[in-house]
Amino acid sequence: MSYFIDRRPNARNKSAVNRQRFLQRYRSHIKRAVEESVNRRSITDMERGEKVSIPAKDISEPSFQHGPGGRRTVVSPGNREFAEGDRLRRPSGGGGQGSGEGQAGNQGEGVDEFVFSLSREEFLDFVFDGLELPHLERKQLQVLEETRPVRAGISKEGVPARINIVRSMREAQARRIGMRAPLKRALREAQEALEAEERKDPVLRNPARVSELKSEIERLEKRIEAIPFLDTYDLRYNHLTHQPMPSNQAVMFCIMDVSGSMTQAHKDIGKRFFLLLYLFLERNYEKVELVFVRHHTVAKEVDEEEFFYSRETGGTIVSSALTLVDSIIEARYAPEQWNLYVAQASDGDNWDDDSSTCLELLDESLMRKLQYFTYVEITPHAHQALWEAYDSVRAAYPERFAMQQIVQAEDIYPVFRELFRQRAKG
Amino acid sequence: MTRREPIATGSDWNFEALEAYEHAVGALAREYRLDTYPNQIEIITSEQMMDAYASVGMPIGYHHWSFGKQFLSVEQAYRRGQMGLAYELVINSDPCIAYLMEENSLMMQVLVIAHACYGHNSFFKGNYLFRAWTDASAIVDYLVFARKYVAKCEERHGVEAVEQLLDACHALQNYGVDRYKRPSPVSAEEEVRRQDEREAYLQTQVNRLWSTIPTPIGGLVQQPSHDFENDPLGLHRHDRYPSEPQENLLYFLEKNAPLLEPWQREIVRIVRKLAQYFYPQRQTQVMNEGWATFWHYTLMNRLYDDGLIDEGIMLEFLQSHTSVVSQPGFDSPYFNGINPYALGFAMFSDIQRICQSPTDEDREWFPEIAGSDWLETLHFAMQNFKDESFIQQFLSPQVIRDLKLFSLVDDDRDDSLQIEAIHDDRGYRRIREALSVQYALSAREPNIQVWEADIRGDRSLTLRHVQDRRRPLGQSLFPVMRYLHQLWGFPIKLESMEEGEVVRRYQWPIPESNRESA
């Protein structure tokens, strides 16, 4: 007696719960490993999972076992030259362990690291664990212009695609019962009268009455027949209304200085920072648009490729970029509908008196519209005028303005974490 | 015998072909008197196979992080191509559940049907250990019960509390079996029915045991020997509890740990019952795989002889079979211990050879089976032995020579290793003896038993470890004692014995810890 069952359509994630339990239990280990790997790997490939290793001793499941020492006999296959009584030098490092544990060797003895893979989702969860997007909720409440259709009961009007069959048939049945009832009653009376008439003695029968009743019955039957099975009057439609829903879209402006002082290494660091921010936004919003603005003395909106790879020379006027961003917001991204984020990367150089212009621009116009402004300065040197100007913006908008300095690529992740650290809710 | 048309050719399978082959293999198996449970053959994907691996082949199990760990490591090895998944997995249940991977070729599916659905299946049904220790018809129900019960406890007492308890129990799961007593079979129905009753009863038992108020005189009373000076009335004179050493640590804890809640005792019991279910498998690896391999080899050859599979499938089969039973030498980079498939297959094939065409040597070594009916003898061997005794009984000089077995002694009192025996006349018996011991559970796992629960004194629990050939306990000892302490609730002491003398003492919590000064 045998039978086959095709289990392939069944769910495959039977181990999902156990997997989560494991990740939960070794959270701190995994987090450490993830942080290391974020620093190590280029952020362009954040979009994949990660191999994580945990010291095997930390996750071992102990049981009583024999330790090294004592006398043990091991039978092994494949003897070539040994003869009984031969003496062999103990392999170095064996420490009395000899040639191993014999059959117990299969159990992965001597593996120091437990290695496994996190999926992309799990990896990013750990990367962004403990981080938050400031002011996300405030915006969501404000912006109610987006709508989505929601079911809102049944209506008599609608398009055929939304017909509610059950309700329509129920209406039809009710109508049929209602309309037939008086006719059926009349029919039954007429039939009874006809029968009574026909039961009478042929002499007493009234032929005129009989034919009158017969035509009446015929008329009633026709009327009953004529009642439609389904009438337009019966049709019911699922009604949809448009419910406003919180906006869940964001724009991220990437501003980068591409003047001569920015080397490719600087840009790489900037790029990684932008990518990290993009990934983070992507996890919080359904839709994230990117706007790339690069500047030297003049600012220009460009595509991604050009943003990161084209080279420019010349001086630096930061306010040109801020002005351009402001006008783009005016033209395309109404602050009521969009969550606006600006990320700026620069080496801190700026035209002498431009920094105060930047301060003005930010203070008077931009900061009111933005969700969050992050500024990273990629320089090992001392800060210049721009940093000081921004510092006073930070003082004015401590909730929505953050700035950090990055010296080398390894700093990106810690700086990023610092910028988006979960703040205690006031 | 009339040659017939092959049922199917090529490497793609479909359900019709599988059913036809299953039918053909089944008919041949009956010819060889393979008695099996009904087969429930399930086709699964590789992901599902990884799930099955992670739950140690149980079709359903309670949740625990260690299964997640298992899953992750299998997944890692598989994704990186470091290991292939087994082509099949079979569960000792009635009906016998066998998983076939969809990626397998037609040949592989037929091979697996022969190997698992008739080889392993008949072993589960026939071998005395499985008959005594497991109840194939009840296991799936019991697993469902266990999963539900653990889930209920997680709801009531929190995931973490349950997890910690399971961690502690898992550390002791190899010590959850009475080796010399026939166990009562597991039954889910009965478990549920009697559970409440048992909880209440158990608790009263434990309460009675611990109702004695500890009254230490002059500090902690550790020695049960009577101290007439301080205790002239003999208040502390009592027999040791338990009166006999207990090898089933989990059972002892379930019944006697003073502080466990009823639900905690129930979970200890679940782990113990499942450990019991796997107990025969740990002792019959060589036999079980050898038996299944012998039969897939025999049945595949018969299918070919009868014309039901063509040369293409047969060649593919031989290639696969050869790699399954290959045994790299000890100095090969591929060496990973003795391959149970290779050893088991060699031994069963050799028994068949001894029966069919015995040599003088065989007549001398195996007078009672040389020349006997091979099928009869093979069934006898399968039914009545475990790895240890099977090797002791049936490992022939021929197999020792074929595998070129040798035995090596590693003694820490000696600064060099010594070859004790090789495959020659003087060595056969010694190799057989040594290999048999190598598969004996009692030599593989340290022998640790409950010696005394100090129910009148400090309530400490003393375990005794009887050293086997002076082998001490490994470092994992302390974490395990910590778990024991969590379950018992009072100090744990462990004594290593060598020839009746205590050679080492261990204690948890470690006595000079801050706990006492605090």
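Keep in mind that this is a model prediction, so the values were computed, not measured.

### Structural notes on the overall build of chain A
In step 1: Scanning chain A from terminus to terminus reveals 12 helices and 13 strands.
In step 2: When each of the 426 residues of chain A is scored for burial, the buried share is 30%.

### Comments concerning the overall build of chain B
In step 1: If you tally the helices and strands in chain B, you get 21 helices and nine strands.
In step 2: Evaluated residue by residue, chain B yields a buried proportion of 45% over its 518 residues.
In step 3: Considering only residue pairs separated by 6 or more positions, chain B has 74% of its internal contacts joining residues 24 or more positions apart.

### Structural notes on the sheet that holds strand E4 (residues 406–411) of chain B
In step 1: Sheet architecture is open: four strands sit in the order E3(A)-E4(B)-E5(B)-E4(A), paired in antiparallel fashion. Edge positions in the sheet fall to strand E3 (71–76) and strand E4 (87–89) of chain A, since each has one partner strand and no second. Within the sheet, the average angular offset between the axes of one strand and its neighbour, ignoring direction, is 30°.
In step 2: Direction of pairing for E4 of chain A relative to strand E5 (residues 416–421) of chain B: antiparallel, over a ladder of three bridges. Its bridge partner being in E5 of chain B, Arg-89 of chain A is matched across the sheet by Ser-416 of chain B.
In step 3: Where helix H18 (residues 428–438) of chain B meets the sheet, its contacts fall on E3 of chain A together with E4 and E5 of chain B, and the angle it forms with E3 of chain A comes to roughly 105°.

### Examining the domain arrangement of chain A
In step 1: Domain annotation for chain A reports domain 1 (17–57 + 113–129), domain 2 (160–239) and domain 3 (246–419).
In step 2: For domain 2 of chain A and domain 3 of chain A, the distance between their C-alpha centroids amounts to 80 Å.

### Brief notes about the interface of chain B and chain A
In step 1: Contact residues are listed per partner, giving 85 residues for chain B and 57 residues for chain A.
In step 2: With 11 residues, helix H3 (residues 65–79) of chain B is the single largest residue contributor to the side of chain B that touches chain A.
In step 3: The class makeup of the residues in the side of chain B that touches chain A is 36 nonpolar, 27 polar and 22 charged.
In step 4: Taken together, the six bridges between E3 of chain A and E4 of chain B define a ladder with antiparallel strand orientation. The partner of Thr-73 of chain A across the bridge, within E4 of chain B, is Val-409 of chain B.

### Examining the sheet that holds strand E9 (residues 287–295) of chain A
Residue and element names in this part refer to chain A.
In step 1: Ordered in space as E10-E9-E8-E11-E12-E13, the six strands form an open sheet in which the pairing is mixed. Of all strands in the sheet, those bounded by a partner on one side alone are strand E10 (299–302) and strand E13 (401–406). In this sheet, neighbouring strand axes are inclined to one another by 20° on average, regardless of whether the strands run parallel or antiparallel.
In step 2: Note that strand E11 (residues 339–346) and strand E12 (residues 372–378) share six bridges and pair parallel. Paired with Tyr-341 across the two strands is Tyr-372, which belongs to E12.
In step 3: Packing against the sheet, helix H7 (residues 264–284) makes contact with strand E8 (249–257), E9, E11, E12 and E13, and its axis sits at approximately 175° to E8.
In step 4: Contacting E12 and E13, helix H11 (residues 385–396) runs over the sheet at an angle of about 145° to E13.

### Focus: the domain arrangement of chain B
Quite often, the size of an interface is put as the accessible area lost when its parts meet.
In step 1: Partitioning chain B into domains gives domain 1 (15–127 + 284–319), domain 2 (333–442) and domain 3 (445–517).
In step 2: Using C-alpha coordinates to define each centre, domain 2 of chain B is positioned 37 Å away from domain 3 of chain B.

### Concerning the packing of helix H1 (residues 16–25) of chain A against H3 of chain B
Helix packing for two helices is described by the angle between their axes and how far apart those axes are.
In step 1: Packing of H1 of chain A against H3 of chain B leaves a shortest axis separation of 7 Å and a crossing angle of 100°. Viewed along their axes, H1 of chain A and H3 of chain B adopt a mutual orientation that is roughly perpendicular. Contacts from Asn-18, Arg-19, Arg-21, Phe-22 and Arg-25 of chain A in H1 of chain A reach Trp-65, Phe-67, Gly-68, Lys-69, Phe-71 and Leu-72 of chain B in H3 of chain B.
In step 2: Looking at side-chain class alone, the contact of H1 of chain A with H3 of chain B contains five nonpolar, two polar and four charged residues.

### With respect to the pairing of strand E9 (residues 501–508) of chain B
All names here are of chain B.
In step 1: In terms of strand pairing, strand E8 (residues 492–498) meets E9 through seven bridges, oriented antiparallel. Pairing of Glu-495 across the sheet is with Arg-505, part of E9.
In step 2: Taking the residues that link successive antiparallel strands as the turn, the E8-E9 hairpin has two residues, and the phi of Glu-499 there is positive, at about 50°.

### Description of unusual backbone geometry
Residues and elements named next belong to chain B.
In step 1: Residues Asp-94 and Pro-95 are joined by a peptide bond in cis, for which omega reads 0°.
In step 2: Within the secondary structure, Pro-95 sits in the loop between strand E2 (88–91) and strand E3 (96–101).
In step 3: Looking along the chain, the bond that leaves Trp-508 and enters Pro-509 is cis, with omega of -5°.
In step 4: Positionally, Pro-509 belongs in the loop between E9 and helix H21 (514–517).
In step 5: In the Ramachandran plot, Arg-33 falls in the positive-phi region, its phi being about 60° despite a non-glycine side chain.
In step 6: With 11 C-beta atoms packed within 10 Å, Arg-33 lands in the exposed category.
In step 7: A positive phi is found at Arg-459, a non-glycine position, where the angle reads about 65°.
In step 8: Tracing the backbone shows Arg-459 in the loop between strand E6 (447–453) and strand E7 (461–466).
In step 9: Judged by the 16 C-beta atoms lying within 10 Å of it, Arg-459 is partly exposed.

### Examining helix H10 (residues 354–369) of chain A
Residues and elements named next belong to chain A.
In step 1: For H10, spanning 16 residues, the distance from its first C-alpha to its last is 22 Å, which sits close to the expected 22 Å at 1.5 Å a residue.
In step 2: Leu-362 marks where H10 bends most, by close to 50°.
In step 3: Residues of H10 that are buried: Asp-354, Cys-358, Leu-359, Leu-362 and Leu-366.
In step 4: Here the buried face of H10 lies against helix H9 (318–332) and H11.

### A few points about the confidence of the model for chain B
Residue and element names in this part refer to chain B.
In step 1: Overall, the predicted model of chain B reaches an average pLDDT of 86, with 85% of residues at or above 70.
In step 2: Here residues 213–224 is modelled with pLDDT under 50, and outside its nearest four sequence neighbours on either side it reaches 17 contacts, counting other chains as well.
In step 3: Contacts from residues 514–518, a stretch scored under 50 in pLDDT, to residues over four places away or in other chains number one contact.

### Some details on the confidence of the model for chain A
Residue and element names in this part refer to chain A.
In step 1: Of all residues in chain A, 86% have pLDDT values of 70 or greater, and the mean over the chain is 79.
In step 2: When the criterion is pLDDT under 50, residues 94–110 qualifies, and its contacts beyond four places in sequence or with other chains add up to 30 contacts.
In step 3: Confidence drops under a pLDDT of 50 for residues 137–144, and excluding neighbours within four residues, the segment shows 13 contacts in the predicted structure.

### Here we look at the environment of Leu-378 of chain B
All names here are of chain B.
In step 1: Mapped onto the secondary structure, Leu-378 falls in helix H15 (residues 374–384).
In step 2: Taking the C-alpha atoms as reference points, Leu-378 and Ala-52, separated by 326 residues in sequence, lie 31 Å from one another.
In step 3: Contacts of Leu-378, omitting those with residues within four sequence positions, involve Phe-348, Ile-351 and Gln-352.

### A word on the nonpolar core
In step 1: Membership of the largest hydrophobic core comes to 228 residues, with the highest contact counts inside it found for Met-252, Phe-253, Phe-273, Val-325 and Tyr-341 of chain A.
In step 2: A per-element tally of this core places helix H4 (residues 106–126) of chain B first, with 13 residues.
In step 3: Excluding its chain neighbours within four sequence positions, the residues that come into contact with Phe-253 of chain A are Val-291, Val-293, Val-325, Tyr-341 and Val-342 of chain A.

Cut-offs used in this document
Residues numbered from 1 in each chain as written. Chains lettered and ligands numbered in written order. Predicted model: local features only at pLDDT ≥ 70, side-chain atom pairs only at ≥ 80, totals over all residues. Helix = DSSP H or I, 4+ residues; strand = E, 2+ residues; numbered from the N terminus. Buried ≥ 20, exposed ≤ 12 C-beta atoms within 10 Å, placed from the backbone. Contact = placed C-beta atoms within 7 Å. Pairing = 2+ DSSP bridges. Axes fitted to C-alpha atoms, helices over the stretch in contact; angles between N-to-C directions. Domains from an automatic or database assignment. Nonpolar A, V, L, I, M, F, W, Y, C, P; charged D, E, K, R; others polar. Parallel < 35°, antiparallel > 145°, perpendicular 65-115°, else oblique. Expected span 1.5 Å × (residues − 1). Bend = angle between axes of the 7 residues up to and from the residue. pLDDT = per-residue confidence, 0-100. Core = buried A, V, L, I, M, F, W, Y, C linked by C-beta atoms within 7 Å.

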